[in-house]
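Survey of secondary and tertiary structure
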Amino acid sequence: LEGLLTRKHEWESTTLKSTNRSWIAMYCVLKGTQLHFYKDAKSAKAQPEQTLKGEQPLNLLGASATVANDYKKRKHVFRLKLESGAEFLFQAHDDGEMNNWVARITDI
Ligand code: I3P
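None of the values given here were measured: they were computed from a predicted structure. (Residues numbered from 1 in each chain as written. Predicted model: local features only at pLDDT ≥ 70, side-chain atom pairs only at ≥ 80, totals over all residues. Heavy atoms only, no water.)

Details of the packing of aromatic side chains
In total, this model carries four aromatic pairs according to the counting rule given. Pairing F37 with F90 gives two aromatic rings, centres 6.2 Å apart and planes at 10°, and the pair type is stacked. Taken as a pair, F37 in strand β3 (residues 34-38) and F90 in strand β7 (residues 87-91) lie far apart in primary sequence, 53 residues in all. In this structure, F37 and F90 share a single accessibility class: buried. Centre to centre, the rings of F88 and F90 are 6.2 Å apart; their planes meet at 35°, and the pair counts as tilted. For the pair formed by F88 and F90, the shared burial category is buried. (Phe/Tyr/Trp six-rings, centres within 6.5 Å; stacked < 30°, edge-to-face > 60°. Helix = DSSP H or I, 4+ residues; strand = E, 2+ residues; numbered from the N terminus. Buried < 20%, exposed > 50% of the residue type's maximum accessible area, 1.4 Å probe, protein only.)

So, in structure tokens, the structure goes:
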């Protein structure tokens, strides 16, 4: 699964709030148990080793993805909690796309 999502980093760990809290559009690619981030589909395909801002992929083993019903400012948002305690919000284009990401991450 891959596609354009908008991401907000909420927690670095369970106790440390993220300092960069803006929403950023990213091309997200699920590869096995990892989530990789790229500028766009083209760069994901042409240069898969060149991630957006050199960011390491997220390890989704032990992670949970749930619809962020408590987040009211945007629609089609799901929350990703990593085993490390880090937490992200992701906004999809519609509920179908959002549910697809949640289901696929939950299946890992
Ligand atoms: C953040 C940006 C986010 C906002 C966040 C701000 O500021 O406005 O959209 O989250 O609020 O800190 P900046 O872009 O200057 O980093 P919301 O969209 O959820 O309001 P927060 O610190 O309350 O999470």
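Still to come is the rest of the account.
Considerations on the side chain of R7
Relative to the elements of secondary structure, R7 occurs in strand β1 (residues 2-11). When its relative accessible area of 8% is taken as the criterion, R7 is described as buried. Not counting residues within four places of it along the chain, the set of residues in contact with R7 comprises S22, W23, I24, M26, F37, E55, F88, L89 and F90. (Contact = heavy atoms within 4.5 Å.)

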